[in-house]
Amino acid sequence: MVITELLEIVNRIKPMHDKYAIDELVKTHNRTILRLPPYHCELNPIELAWSSVKNHVKMNNTTYKLSDVKQLLMEGIEKVDDTMWKNFISHTTSVEDKFYEVDFLIDEVLSAELQPTVLTLGNTSSDSEESN
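Each value, and the rule that gives it
Residues numbered from 1 in each chain as written. Predicted model: local features only at pLDDT ≥ 70, side-chain atom pairs only at ≥ 80, totals over all residues. Heavy atoms only, no water. Helix = DSSP H or I, 4+ residues; strand = E, 2+ residues; numbered from the N terminus. Buried < 20%, exposed > 50% of the residue type's maximum accessible area, 1.4 Å probe, protein only. Patch = residues over 30% accessible without salt bridge, like charges linked within 9 Å, V, L, I, M, F, W, Y side chains within 5 Å. Areas by Shrake-Rupley, 256 points an atom, 1.4 Å probe, with all protein chains shown as cover. Salt bridge = Lys/Arg side-chain N within 4 Å of Asp/Glu carboxyl O. Phe/Tyr/Trp six-rings, centres within 6.5 Å; stacked < 30°, edge-to-face > 60°. Axes fitted to C-alpha atoms, helices over the stretch in contact; angles between N-to-C directions. Parallel < 35°, antiparallel > 145°, perpendicular 65-115°, else oblique. Left-handed = near helix turned anticlockwise from the far one by under 90°. Contact = heavy atoms within 4.5 Å. Nonpolar A, V, L, I, M, F, W, Y, C, P; charged D, E, K, R; others polar.

Visitor: Describe unusual backbone geometry, listing the residues and the values that go with them.
Guide: For Asn 30, which is not a glycine, the phi torsion comes out positive at approximately 55°. Structurally, the position occupied by Asn 30 is in the loop between helix H2 (21-28) and helix H3 (45-60). For Tyr 64, which is not a glycine, the phi torsion comes out positive at approximately 60°. Take Tyr 64: it is sitting in the loop between H3 and helix H4 (66-79). On the basis of relative accessibility, which here comes to 65%, the residue Tyr 64 falls in the exposed class.

If you want it as structure tokens, here you go:
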């Protein structure tokens, strides 16, 4: 088969497999999933937790042996407690608030820029006076 034929088959079959098990599960409980926008890791508190875990490994890794790194990884995960999670969520909420604030400002600036501008072409009274 050539690529175009394969792509045709993929495009025909793909919609049958676009479902996620979690989406089907939440539908049975009359819930919906709100997904984070792509490329906005600052809106995901788990990224802060993962950063904390990686930092623990980096600061304590002296042997660079896989078994030791695995142990440090487990220690780092255990260090992420309830208080840290609350702080991560609080920080993420403050970032969301800043995004809302900036979005509002951007809307104001854009709406001001979209106001119609009137240009007068041809002779005006000031043009006539200058030519005399």
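Visitor: So what's going on with a nonpolar patch on the surface? Residues and values would help.
Guide: Among the surface-exposed residues, Tyr 20, Ile 22, Leu 25 and Ile 33 lie close enough to one another that they form a single nonpolar patch of about 380 Å² accessible area. Looking at the element boundaries, Leu 25 is found in helix H2. Classification of Leu 25 as partly exposed rests on a relative accessible area of 46%.

Visitor: Just give me the short version of the packing of aromatic side chains, but keep the residues and values in it.
Guide: Two aromatic rings, taken as a pair, are described by how far apart their centres are and by the angle between their planes. With the rule as written, the count across this model stands at one aromatic pair. Centroid distance Trp 85 to Phe 88: 6.0 Å. Interplanar angle 75°. Geometry classified as edge-to-face. On the criterion of helical spacing, the pair formed by Trp 85 and Phe 88 is a turn pair, its members being three residues apart in helix H5 (residues 82-113). Note on Trp 85: relative accessible area 32%, which makes it partly exposed.

Visitor: Mind laying out the pattern of salt bridges, listing which residues take part and the relevant values?
Guide: Any two side chains of opposite charge can pair, so long as their charged atoms come close to each other. A complete count under the given rule lists two salt bridges for this structure. In this structure, Asp 23 and Arg 35 form a salt bridge, with 2.9 Å as the shortest nitrogen-oxygen distance. Of this pair, Asp 23 sits in helix H2 while Arg 35 sits in the loop between H2 and H3, and the two are 12 residues apart along the sequence. With relative accessibility at 18%, the residue Asp 23 sits in the buried group. Assessed through its relative accessible area of 47%, Arg 35 is described here as partly exposed. Linking Glu 24 and Lys 27 is a salt bridge whose minimum nitrogen-to-oxygen distance equals 3.7 Å.

Visitor: Residue-level account of the side chain of Thr 92, with values.
Guide: Position of Thr 92 relative to the elements: it lies in helix H5. A relative accessible area of 4% means that Thr 92 is categorised as buried.

Visitor: How would you summarise the environment of Glu 96 if you had to cite specific residues and measurements?
Guide: Assignment of secondary structure puts Glu 96 in helix H5. On the accessibility criterion, Glu 96 (32% relative accessible area) is partly exposed.

Visitor: Could you give an account of the packing of H3 against H4, with specific residues and numbers?
Guide: Between H3 and H4, the shortest axis-to-axis distance is 8 Å and the interhelical angle comes to 135°. When the axes of H3 and H4 are compared, the pair comes out oblique. Pair H3 / H4 crosses with right-handed handedness. Between H3, through Trp 50, Val 53, His 56, Val 57 and Asn 60, and H4, the contact on the second element is made entirely by Val 69, Leu 72, Leu 73, Glu 75, Gly 76, Ile 77 and Lys 79. Classifying every residue of the contact of H3 with H4 by side-chain character gives seven nonpolar, three polar and two charged.

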